[in-house]
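This is what each chain is made of:
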Amino acid sequence: MPKGYWIARVDVRDAEGYKDYVAASKLAFDKYGAKMLARGGAHELAEGTGRARNVVIEFASLQTAHDCYHSPEYQAAKAIRQKYAEGEVVLVEGI
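Reading the values: rules and limits
Residues numbered from 1 in each chain as written. Predicted model: local features only at pLDDT ≥ 70, side-chain atom pairs only at ≥ 80, totals over all residues. Heavy atoms only, no water. Helix = DSSP H or I, 4+ residues; strand = E, 2+ residues; numbered from the N terminus. Rg over C-alpha atoms; globule rule 2.2 N^0.38 Å. Buried < 20%, exposed > 50% of the residue type's maximum accessible area, 1.4 Å probe, protein only. Contact = heavy atoms within 4.5 Å. Areas by Shrake-Rupley, 256 points an atom, 1.4 Å probe, with all protein chains shown as cover. Pairing = 2+ DSSP bridges. Phe/Tyr/Trp six-rings, centres within 6.5 Å; stacked < 30°, edge-to-face > 60°. Lys NZ or Arg CZ within 6 Å of the ring centre and 35° of its normal.

## Considering the overall build of the protein chain
Here is step 1: Scanning the protein chain from terminus to terminus reveals three helices and four strands.
Here is step 2: For 95 residues, the compact-globule estimate of 2.2 N^0.38 gives 12 Å, and the C-alpha radius of gyration of the protein chain, at 13 Å, lies within 12% of that figure.
Here is step 3: In terms of its C-alpha atoms, the protein chain occupies a principal-axis envelope of roughly 35 × 30 × 15 Å.
Here is step 4: Put simply, the protein chain has 95 residues, and 29% of those count as buried.
Here is step 5: Put simply, of all contacts in the protein chain between residues at least 6 apart along the chain, 77% involve residues at least 24 apart.
Here is step 6: If you sum the accessible surface of the protein chain, you get close to 5,800 Å²; carbon and sulfur atoms cover 54% of it.

Right under this line is the structure:
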C-alpha cells in the first residue's frame, strides 16, 4: 500500500504563539504515526510563490493522512495554527 503525505507551506506571523500549535499537533501526529521528513529547514524556491516554512509528513497511507487531518485532535491544533500562521496543506498519495 502506498504511503500518504502531508505537504504544508506556511508563513508564521507569531513564532511564540505558533509553539502552541506545534505542541497541540503532536497529539494527532503521535496518534496517527506521523513521521516528519521536513519541518521548516533550509529550502530553495525553484519556481512559483513560496512560503517561509515547508513541511513534509509521512503516514502509513493516504487514508491515515486523511484521518489524522480530520481528527478532533488535529482540528483543535489547526484552530490554534490559524491564529498564528497562514498556508496550505495538501494530502498526497505516494508511489
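## Quick notes on the pairing of strand β1 (residues 4-12)
Here is step 1: Pairing analysis gives seven bridges linking β1 to strand β3 (residues 53-59), with the strands arranged antiparallel. From the neighbouring strand, G4 faces β3, where its bridge partner is F59.
Here is step 2: Two elements, β1 and strand β4 (residues 85-93), share nine bridges in a ladder whose sense is antiparallel. The partner of V10 across the bridge, within β4, is G87.

## Some words on the packing of aromatic side chains
Here is step 1: Tallied over the full model, the rule gives eight aromatic pairs.
Here is step 2: Ring plane angle 35° and centroid distance 5.4 Å describe the contact between Y69 and Y74, whose orientation is recorded as tilted. Here the two residues Y69 and Y74 agree in accessibility, since each one is buried.
Here is step 3: Cluster of aromatic residues (ring-pair linked, three or more members): W6, Y18, Y21, F29, F59, Y69 and Y74.
Here is step 4: In this arrangement the basic side chain of R81 is found over the ring face of Y21, its NZ or CZ atom lying 5.8 Å from the centre.

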